[in-house]
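Chain and residue survey
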Amino acid sequence: METPAPARRAVGPPLTYVRLGERPLRRLSQLFAGLALYGFSLALMVRAALGVNPWSVLYEGLARHTALSFGAISAALGVLVLLLWIPLRQRPTFGTAANVVVLACSADLGLWLLPARLDPPGRIAFLVAGILLNGLAVAVYVGARCGPGPRDGLMTGAAALTGRSLRLVRTLIEIVVLAVGWSLGGTVGIGTMVYALGVGTVTQFALPRCAYRAHAERAAAPHR
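Residues numbered from 1 in each chain as written. Predicted model: local features only at pLDDT ≥ 70, side-chain atom pairs only at ≥ 80, totals over all residues. Heavy atoms only, no water.

This part is about the overall build of the protein. Within the protein, the regular secondary structure consists of nine helices and zero strands. Ordered by position from N to C terminus, the α and β elements of the protein give α-α-α-α-α-α-α-α-α. Computed over the C-alpha atoms, the radius of gyration of the protein is 19 Å, within 12% of the 17 Å expected from 2.2 N^0.38 for a compact globule of 224 residues. Along the first, second and third principal axes, the C-alpha set of the protein runs to 65 × 40 × 35 Å. Counting only carbon and sulfur atoms, one obtains 68% of the accessible surface of the protein, whose full area is about 12900 Å². (Helix = DSSP H or I, 4+ residues; strand = E, 2+ residues; numbered from the N terminus. Rg over C-alpha atoms; globule rule 2.2 N^0.38 Å. Areas by Shrake-Rupley, 256 points an atom, 1.4 Å probe, with all protein chains shown as cover.)

The subject of this paragraph is the state of the cysteines. With the rule as written, the count across this model stands at zero disulfides. Here Cys105 is not disulfide-linked; the sulfur of Cys146 is the nearest cysteine sulfur, at 18 Å. A relative accessible area of 52% means that Cys105 is categorised as exposed. (Disulfide = S-S within 2.5 Å. Buried < 20%, exposed > 50% of the residue type's maximum accessible area, 1.4 Å probe, protein only.)

Our next topic: the environment of Thr203. Tracing the chain through its elements places Thr203 in helix α8 (residues 190-210). Among the residues examined, Thr203 registers a relative accessible area of 14% and is labelled buried. Residues Thr203 and Ala139, 64 residues apart in the sequence, show an inter-C-alpha distance of 5.4 Å. Discounting residues that sit within four places of it in the chain, Thr203 has contacts with Gly135, Val138 and Ala139. (Contact = heavy atoms within 4.5 Å.)

Here the focus is the packing of helix α5 (residues 120-143) against α8. With their axes 7 Å apart at the nearest point, α5 and α8 run at an angle of 40 degrees to one another. By the angle between their directions, the pair α5 and α8 is classed as oblique. In this structure, the crossing between α5 and α8 has a hand that is right-handed. Contacts from Leu127, Ile131, Leu132, Asn134, Gly135, Leu136, Val138, Ala139, Val140, Val142 and Gly143 in α5 reach Gly191, Val194, Tyr195, Gly198, Val199, Val202, Thr203, Ala206, Leu207 and Cys210 in α8. Split into classes, the residues belonging to the contact of α5 with α8 amount to 15 nonpolar, six polar and no charged. (Axes fitted to C-alpha atoms, helices over the stretch in contact; angles between N-to-C directions. Parallel < 35°, antiparallel > 145°, perpendicular 65-115°, else oblique. Left-handed = near helix turned anticlockwise from the far one by under 90°. Nonpolar A, V, L, I, M, F, W, Y, C, P; charged D, E, K, R; others polar.)

Another aspect to go through is the packing of aromatic side chains. Under the counting rule described, the total for this entry stands at three aromatic pairs. Relative to Tyr141, the ring of Tyr38 lies with its centre 5.9 Å away and its plane at 85 degrees, an arrangement referred to as edge-to-face. In this pair, Tyr38 sits in helix α1 (residues 24-48) while Tyr141 sits in helix α5, placing the two residues 103 residues apart along the sequence. Of the two residues, Tyr38 and Tyr141, neither departs from the other in class, the shared state being buried. The ring of Trp55 has Arg151 sitting right over it, with the charged end atom 5.4 Å from the ring centre. (Phe/Tyr/Trp six-rings, centres within 6.5 Å; stacked < 30°, edge-to-face > 60°. Lys NZ or Arg CZ within 6 Å of the ring centre and 35° of its normal.)

Counting 45 residues, the largest nonpolar core has Leu31, Tyr38, Met45, Trp55 and Phe70 as the members making the most contacts within it. No other element matches the nine residues that α1 contributes to this core. Leave out the neighbours within four places in its chain, and Met45 touches Gly51, Val52, Asn53, Leu127, Gly130, Ile131, Asn134 and Tyr195. The next biggest cluster of nonpolar side chains, apart from the first, holds five residues, and it includes Ala139, Val140, Leu207 and Cys210. (Core = buried A, V, L, I, M, F, W, Y, C linked by side-chain atoms within 4.5 Å.)

Our focus in this paragraph is the layout of surface pockets. The volume enclosed by the largest pocket comes to roughly 1600 Å³. As for the largest pocket, its lining consists of 47 residues, of which Val138, Asp152, Met155, Arg170 and Thr203 are closest to the centre. Put simply, the parts of the chain that give the lining of the largest pocket at least two residues each are α1, α2 (54-63), α4 (94-113), α5, α6 (150-162), α7 (166-183) and α8. The leading source of residues in the lining of the largest pocket is α8, at 10 residues. Here the residues of the lining of the largest pocket are counted per class, giving 27 nonpolar, 15 polar and five charged. (1 Å grid on protein atoms, 1.4 Å probe; cavity = no way out; pocket = protein on both sides within 12 Å on 5 of 7 lines; lining within 4 Å. Points joined across faces, edges and corners; volume = space filled by probe spheres on them.)

Our focus in this paragraph is the confidence of the model for the protein. Interpreting fine coordinate detail is not advised for predicted regions of low pLDDT. Overall, the prediction assigns the protein a mean pLDDT of 88, with 93% of residues at 70 or greater. When pLDDT is averaged over each element of the protein, α1 comes out on top at 96 and helix α9 (residues 215-220) at the bottom at 77. This stretch, residues 1-10, has a pLDDT under 50; its non-local contacts, to residues over four places away or in other chains, come to zero contacts. (pLDDT = per-residue confidence, 0-100.)

Below you can see the structure in the form of structure tokens.
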């Protein structure tokens, strides 16, 4: 009796850190573009006022109680999260620092450029555009493989330390962040749910098209 061949599982693109000396101009351009788009996508969702992602709920909530801007709070929390990397034995990279600075600046710039008062169709358009752009931006900056952002490193480090799955750790972190942000007055709404359901699909679709493949990986790949 012939044994059927095992089913081949889909393998995603490699996303581990690649040293900056390899094609730096191409990869740094991709990193900065992705982070700038990410920050602008957050501004779109804030201006839509229909609910934002959990971390942005926290930024909004804190902005209501401090004199800091949305972007400044994002940067400050990014630095605080980096301190949590120490017991998790995570090491920051250039991409980690760029994540803190570029995301904060682009989010504030987006909020300055975008109108604050919109009619309902405009708010829906901003929400949809923000979610689509956010998913694409994640694929672009993660695909540059210049190192994780502060929040990504917190997730991977906590998962490695506890032995729990990345999905569980990320879910727990975002539930806590969302609850704290909501208690401080951050915007939670239909957009928060749409973001949670839709952004992963957009990122998964775009990531294989954006992920940089190192020289060694391309050389080891089978030729067709």
